[in-house]
Amino acid sequence: MSRIAYVNGRYLPMRDAKVHVEDRGYQFADAVYEVCEVRGGRLIDERRHLDRLKRSLSEMRIAMPVTVRALGVVLREVIARNRIGYGLVYLQIGRGVARRDPAFPLPAVAPSLVVTARSLNRTKNDALAEKGLAVVSVPDTRWGRVDIKTTGLLPNVLARQAAIEQGARDAWFVDKDGFVTEAASSNAWIVTANGKLVTRQADHAILRGITRMVTFEVVKAQGLAIEERAFTLDEAYAAREAFVTSATQIVMPVVSIDGRTIGSGKPGPLAGALRREFHRYTETG
Ligand code: PLP
């Protein structure tokens, strides 16, 4: 069965799902995106993701191409047409197609909308969570507004590739002052040597992850506290536990950073508990 994508009003087989060569998303990364988890064929945390999408669009001054309700219909249709039980749905909205010029097109052109979906291997994801990830640190060379979820992900691409080439799975960005910002496609967390759960404050230097937000609720319900602050790489090396959060990885333990073992070298109990409890706090649509 061919995968089906939604492209500007049409559901098309992947081989016919094409965008224009002068699409500004392609030329300038002048586009924003969202990735939602699909579980049991249902969309997870649609409201929170679409709220963040609206914020990204507003920061970029890109118009919403369809109503939120219509977008919800398209997301579900793409999930259904691709028969996704467990996986992800991806949506991208760009400023549209215009003759190449960095300034916004005048008059404005119709924003573009693309939606795709794919299955993920849940058994494999769970097996990875049992084992934990090795990560490496890389300098955070990204622009100053990574709180906007744009498709401008080149530093993330290079960071992930650097990790793979060093035999690791993911990369943690470190800012010029030596503080961890986040991972290449997830938020970074540690449980410090004295048991404090720490993740960086949501300023312009990280993406305000939806999974991060839901994890706050899981933690709160367990009666634990979170310190929302920057932490150094040295603090991370000495941590009792480390993990990352994202829509497709949920809570994923990290067992080594730059070749240094974190805690016992095995996924920590807190990360495990948060992962198990996580879906009690999500919204299923
Ligand atoms: N940080 C970055 C750089 C990301 O790319 C992502 C997800 O793609 C996240 C954090 C986690 O966000 P979410 O939990 O909404 O998936």
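Each remark here, short or long, concerns the structure printed above.
Report on the accompanying structure. None of these values were measured; they are calculated from a predicted model. (Residues numbered from 1 in each chain as written. Predicted model: local features only at pLDDT ≥ 70, side-chain atom pairs only at ≥ 80, totals over all residues. Heavy atoms only, no water.)

**Some remarks on the pattern of salt bridges**
Put simply, the test is: A pair is scored as a salt bridge if a Lys or Arg side-chain nitrogen falls within 4 Å of a carboxyl oxygen belonging to Asp or Glu. Exposure is judged per residue with a 1.4 Å probe applied to protein chains only, and the accessible area is read against the type maximum: over 50% gives exposed, under 20% gives buried, and values in between give partly exposed.
Across all of its chains, the model carries 24 salt bridges by this definition. Measuring nitrogen to oxygen at the nearest pair gives 2.8 Å for the salt bridge that ties E37 to R39. For E37, a relative accessible area of 3% corresponds to the buried category. On the basis of relative accessibility, which here comes to 21%, the residue R39 falls in the partly exposed class.

**Topic: the site of the ligand**
Rule in force here: We define proximity as follows: a residue is near a molecule or strand when any one of its heavy atoms falls within 4 Å of that partner. Pairs of N or O atoms within 3.5 Å make up the polar contacts considered here, provided that, within protein, one atom can donate a hydrogen while the other can accept it, and that residues adjacent in sequence are counted only when both atoms are side-chain atoms. Only the protein chains shown count as cover for residues, and the accessible areas themselves come from Shrake-Rupley with a 1.4 Å probe. Numbered from the N terminus, helices here are DSSP runs of H or I no shorter than four residues, and strands are runs of E no shorter than two. All residues other than Ala, Val, Leu, Ile, Met, Phe, Trp, Tyr, Cys, Pro, Asp, Glu, Lys and Arg, Gly among them, are scored as polar; the first ten of these are nonpolar and the last four charged.
With respect to spatial proximity, 19 residues lie near the ligand, and among them R52, K149, E182, I210 and T211 are the closest. Within the backbone of I210, one N or O atom sits 2.8 Å away from an oxygen atom of the ligand. If the ligand stood free it would expose 390 Å²; the protein chains cover 93% of that surface. Every element with two or more residues in the shell around the ligand is listed here: α2 (46–60), β9 (179–183), α6 (210–221) and β14 (241–246). Along the lines of polarity and charge, the residues of the shell around the ligand split into six nonpolar, nine polar and four charged.

**Let's talk about unusual backbone geometry**
Of note, the amide linkage connecting L106 to P107 takes the cis form, showing an omega dihedral of -5°. Checked against the element boundaries, P107 lands in the loop between β5 (87–94) and β6 (112–119). Phi angles above zero are rare outside glycine, and R61 is one such case at about 55°. Overall, the relative accessible area of 64% leaves R61 in the exposed class. The phi dihedral of I250 falls on the positive side, at around 55°, and the residue is not glycine. Positionally, I250 belongs in strand β15 (residues 250–257). Residue I250 is classed as buried on the basis of its relative accessible area of 3%.

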